[in-house]
Amino acid sequence: MVLLALVLVLIAVFGFAAANRPPREVVPSFEQQACGLNSEWLLRTQRGYFEERSGQIALLPRTPAYMASGGGGWSHSGPWPYLQDVPLVFYGPGIIDEGITSDRPVTTADIAPTIAGLLKGRLGESDGEALPEVIGSEAQSIERPAPKLILTIVWDGGGWNTLDLWDESWPNLEQLMNEGVSFSEATVGSNPSVTPAVHSTIGTGVFPDTHGITGVPVRDEQGEVVDSFLEGESSHFLQVPALAELWDERNGNRAEIGMFGYEPWHLGMIGQGAERAGGDKDDALWLDTETNEWITNEEHYILPSSVPATDGLEAHIEELDSADGEADDTWRDDVPLDDPGRTEETPAFVSHHVDAMLQMIEAEGYGEDEVTDLLFTNFKQIDRVGHYYNMDSEYVNDVLVRTDEELGRIIDELDRIVGPGEWVIALTADHGQQPDAEDIDAYGVNPRAVEAAIRQEFGDVVRAVWPTEVFLLEQAMEEQDVTVEEIARFLGGHTLSDNLRFSEGEPFTGQFESQNRLFDLAVPADMLSEAEC
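A short tour of the structure in this document, coming up. (Residues numbered from 1 in each chain as written. Predicted model: local features only at pLDDT ≥ 70, side-chain atom pairs only at ≥ 80, totals over all residues. Heavy atoms only, no water.)

Before going further, it helps to spend a moment on the overall build of the protein chain. Check the secondary structure of the protein chain and you find 21 helices and 22 strands. Its C-alpha atoms give the protein chain a radius of gyration of 25 Å, near enough to 24 Å, the size a compact globule of 533 residues would have. Along the three orthogonal principal directions, the C-alpha set of the protein chain runs to about 100 × 55 × 45 Å. The long-range fraction of contacts in the protein chain, counting pairs at least 24 apart against all pairs at least 6 apart in sequence, stands at 75%. Of the roughly 21,500 Å² of accessible surface on the protein chain, 47% is carried by carbon and sulfur atoms. For the protein chain, the distance from the average position of its 29 positive side-chain charges to the average position of its 100 negative side-chain charges is 6 Å. (Helix = DSSP H or I, 4+ residues; strand = E, 2+ residues; numbered from the N terminus. Rg over C-alpha atoms; globule rule 2.2 N^0.38 Å. Contact = heavy atoms within 4.5 Å. Areas by Shrake-Rupley, 256 points an atom, 1.4 Å probe, with all protein chains shown as cover. Lys, Arg positive; Asp, Glu negative; His and termini not counted. Charge placed at Lys NZ, Arg CZ, Asp CG, Glu CD.)

This part takes up the layout of surface pockets. In this model, the largest pocket occupies a volume close to 480 Å³. Residue lining of the largest pocket: 26 residues in total, with Ser69, His76, Val216, His387 and Trp466 positioned closest to the centre. Going through the elements one at a time, helix 16 (381–389) and strand 20 (462–466) are the ones with two or more residues in the lining of the largest pocket. Element by element, the count of residues in the lining of the largest pocket is highest for helix 16, at 4 residues. Tallied by class, residues from the lining of the largest pocket come to 12 nonpolar, 9 polar and 5 charged. (1 Å grid on protein atoms, 1.4 Å probe; cavity = no way out; pocket = protein on both sides within 12 Å on 5 of 7 lines; lining within 4 Å. Points joined across faces, edges and corners; volume = space filled by probe spheres on them. Nonpolar A, V, L, I, M, F, W, Y, C, P; charged D, E, K, R; others polar.)

This model, assessed by the stated rule, comprises 6 cavities of 30 Å³ or more. Roughly 90 Å³ of internal volume is contained in the largest cavity. Along the wall of the largest cavity there are 13 residues; nearest its centre are Gly48, Ala58, Pro192, Thr468 and Glu469. Considering only residue class, the lining of the largest cavity consists of 6 nonpolar, 6 polar and 1 charged.

As enumerated under the stated definition, the model contains 25 salt bridges in all. Residues lysine 380 and aspartate 156 are paired through a salt bridge, measuring 3.0 Å at the closest nitrogen-oxygen approach. With lysine 380 in the loop between strand 17 (373–379) and helix 16 and aspartate 156 in the loop between strand 6 (149–155) and helix 8 (160–165), this residue pair connects regions lying 224 residues apart in the sequence. The exposure class of aspartate 156 is buried, given its relative accessible area of 0%. One connected set of salt bridges, linked through shared partners, spans Asp156, Glu263, Lys380 and Asp383. (Salt bridge = Lys/Arg side-chain N within 4 Å of Asp/Glu carboxyl O. Buried < 20%, exposed > 50% of the residue type's maximum accessible area, 1.4 Å probe, protein only.)

Taking 1.5 Å of rise per residue, 17 residues should cover 24 Å, and helix 15 (residues 347–363) covers 25 Å from first to last C-alpha, within 8% of that figure. The buried fraction of helix 15 is high, at 14 of 17 residues. A positive backbone phi angle near 80° is found at glycine 365, which sits one or two residues after helix 15. (Expected span 1.5 Å × (residues − 1).)

As a further point, take the packing of aromatic side chains. Applying the stated criterion across every chain, the model contains 10 aromatic pairs. An angle of 90° between the planes, with centres 5.0 Å apart, marks the rings of tryptophan 331 and tyrosine 395 as edge-to-face. Separated by 64 residues along the polypeptide, tryptophan 331 in strand 15 (residues 330–331) and tyrosine 395 in helix 17 (residues 394–417) bring together distant segments of the chain. Pair check on accessibility: tryptophan 331 and tyrosine 395 agree, each one buried. (Phe/Tyr/Trp six-rings, centres within 6.5 Å; stacked < 30°, edge-to-face > 60°.)

Functional significance is not addressed by these values, which are geometric in nature.
Dropping the structure here:
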């Protein structure tokens with residue numbers, strides 16, 4: 001009798017607790033999830049999917065939740081406006097009309113066909129269009145002189161939410177916007193909004209669903225998850241030629257083509273070099289971030305000798321070191337300036353980047369003859385420092401200020417090296433940045449906890465969880481008799497409580513309650529194009 005009474009008490013207690021526990025939300029069907037998204041967000045996600053390369057599950061956190069980087073920090077991958085809205089400006093006194101601001105929607109896919117228009121040609125098949133505000137009518141385009149050099153600049157992580165936060169820090173960019181052609185409603189146009197994918201769109205004029213570079217990691221031919229440019233070893237995942245390649249071939253490889261970058265993820269702006277049949281070795285370089293040495297893949301590209309010969313980095317470091325009134329080998333008292341592995345993330349290296357790039361332009365003869373040369377460059381520091389300290393950090397402001405100052409120097413030096421009225425700058429960003437959770441009452445979803453939840457439910461079937469996709473182990477799924485649909489449905493019901501159960505510490509949870517689902521979209525990625533909304 002005592003045992004029976006105890007059982008009845010336990011049933012009553014647990015029954016009461018269950019009755020008072022908030023009910024789990026109903027998980028919508030896959031099609032309901034897709035069609036429940038803002039239509040532009042869905043379109044951007046569809047544009048970012050390439051079946052052979054993307055993860056098998058498409059994932060979107062429920063805003064303002066976002067996927068934190070490795071359980072902490074800030075990612076910037078998503079279709080939401082704060083990550084998608086970017087500056088886009090074309091500036092070239094004597095070639096580009098002055099003082100035009102357009103508020104019509106455009107994307108980074110419009111950059112390549114617009115450059116093609118400045119070259120008095122067409123790109124061919126493109127997701128974008130040549131922007132008439134820049135190239136004028138067909139008759140105007142024919143009459144205008146072709147520039148000797150077109151320099152495309154990407155401020156990595158310099159989307160509008162970063163610029164708006166530090167709105168006093170970029171007077172030279174503002175001048176370009178006022179005196180050139182600026183597009184106030186420009187967006188990345190695809191999701192994931194990450195460096196390799198967006199730079200490949202800038203270079204080719206098509207989105208990842210065509211060019212094939214979908215993110216930082218992609219699936220290779222064997223199903224392994226690898227770096228999208230194999231850390232500089234190969235660009236063969238790029239499925240279409242870049243505008244720069246087509247232009248070079250059309251001119252018998254007489255054009256100077258260059259990519260002055262921070263890492264191989266920027267190679268999509270110029271293409272495969274000699275790796276492509278019929279291509280040649282164009283200038284392309286990036287950093288060994290452990291040593292600060294400029295490197296390349298010598299099988300496919302050229303590292304101009306003028307670049308590693310560039311002096312002056314130490315002087316820039318000393319200037320930065322003394323900026324706070326004390327020479328102590330630090331930037332703002334805590335970033336070491338005597339560590340080569342950190343120096344390249346500082347304002348000092350922004351200036352060194354410009355020193356080396358301008359020296360390359362002059363030494364290699366960019367803009368010297370009548371065949372238009374194309375140079376593409378990425379300023380990475382705004383993004384890198386944002387990942388470390390968040391976008392609202394004074395460190396981000398420091399590198400933004402320096403990047404803008406160097407923009408002014410680039411303009412002055414192009415006039416000297418190439419000549420006034422002979423060059424054009426196209427400037428944009430590849431994405432915005434993620435505000436900290438506590439600033440927007442949000443929750444940073446722990447991707448490691450998502451992985452752990454999948455493994456507990458289905459076994460070792462997950463390879464990696466990235467901010468907007470999940471890579472699965474297909475052979476392991478067969479052995480476990482698990483389908484993509486089952487895992488996607490499970491993730492559709494993943495709640496704050498579930499995520500916290502596999503997380504350490506007590507993270508800020510913002511407006512989310514324990515039984516709130518964390519994902520607006522958790523669907524088999526191959527159904528995205530079939531969603532009938």
